[in-house]
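Inside the fold
Chain by chain, the residues run as shown.
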Amino acid sequence: MTARQTLFVLDTDIINAFAKDSASQPAQLRTRIRQIPSCTLALHAGAIIEAERGSAKVHGTNSKKAERLKIRLEQLLASDIRFLPLTAHASRDYAEMTTVPALSHFWVTPLGTRRPHPCQDLSIAATAIAHATTVVTRNTADFASIDQYFSLPGLLNPIDDAPTLALPAAPPISRPISVWMH
């Protein structure tokens, strides 16, 4: 019997960080993400939705930034990265999360908000729980608040925290994720 492999689901802010030019990226980002075997990295629809929406929003004011984000996202989607579906279990957890008043700011736009935006953090968290996946994000405060009510399997900030798990070597893949990381 083989041990279950730990998976790491990327939040939108990690995708966005890789879309920046190399000089603007946090120095330790690539190093820390490369410590995680690429075969254990995963995406969720919520991160893709937020990245696509972000690219569309900045296109009018910063077309170069929008284009970099689109290119990186396309490279990532063309790689062998896993895609974690919003399963029935995750959907039920997500629905339950929306009933917690302390988490309402994740799914209801507060009155007076200048720029309302759909937030996918609850959906990503519910999927992470359903798939027993560690969330990789710089936005640990929001996910920690979700964790107070719904226990997340793991939370990793690749900029400020070193991975604490003993990570297995990555097997070869046909369309490497590392292409996206350059």
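Residues numbered from 1 in each chain as written. Predicted model: local features only at pLDDT ≥ 70, side-chain atom pairs only at ≥ 80, totals over all residues. Heavy atoms only, no water.

**Brief notes about the pattern of salt bridges**
When charged atoms on two side chains of opposite charge get close, those side chains can pair. What counts, and what does not: The working definition used for a salt bridge is a side-chain nitrogen of Lys or Arg within 4 Å of a carboxyl oxygen of Asp or Glu. Secondary structure is summarised from DSSP: a helix means a run of H or I of at least four residues, a strand means a run of E of at least two, and numbering begins at the N terminus for each. Only protein chains enter the accessibility calculation, which uses a 1.4 Å probe; a residue is then buried when its area is under 20% of its type maximum, exposed when over 50%, and partly exposed in between.
Applying the stated criterion across every chain yields a total of one salt bridge. Here Lys-70 ties to Glu-52 by a salt bridge, and the two come within 2.6 Å at their closest N and O atoms. Of the two residues, Lys-70 sits in helix α4 (residues 63-78) while Glu-52 sits in helix α3 (residues 45-59), which places them 18 residues apart along the sequence. Among the residues examined, Lys-70 registers a relative accessible area of 36% and is labelled partly exposed. Judged by relative accessible area, which is 27%, Glu-52 ranks as partly exposed.

**Here we look at a positive patch on the surface**
To keep things clear, this is the line we draw: Only residues whose relative accessible area exceeds 30% and that form no salt bridge enter a patch; like-charged residues are grouped when within 9 Å of one another, and nonpolar side chains (Val, Leu, Ile, Met, Phe, Trp, Tyr) when within 5 Å. In these tables, accessible area is a Shrake-Rupley quantity obtained with a 1.4 Å probe, and a residue counts as shielded only by the protein chains included in the view. None of His or the chain ends enter the tally, which takes Lys and Arg as positive and Asp and Glu as negative. Charge placement uses NZ in Lys and CZ in Arg. For Asp and Glu, CG and CD serve respectively.
A contiguous patch of positive charge on the surface is contributed by Lys-20, Lys-64, Lys-65, Arg-68 and Arg-138. Note that Lys-20 resides in the loop between α1 (12-19) and α2 (27-34).

**Describing the confidence of the model for the chain**
For clarity, the cut-off: Each residue gets a pLDDT score, which is the predictor's confidence in that residue and runs from 0 to 100. In this analysis, two residues are considered to be in contact whenever any of their non-hydrogen atoms come within 4.5 Å of each other.
On average, residues of the chain score 81 in pLDDT, and 80% of them are at 70 or above. The lowest-confidence element of the chain is α2, averaging 82 in pLDDT; the highest-confidence one is helix α5 (residues 88-97), averaging 96. Counted against residues more than four places away or in other chains, residues 163-176, with its pLDDT under 50, gives 23 contacts.

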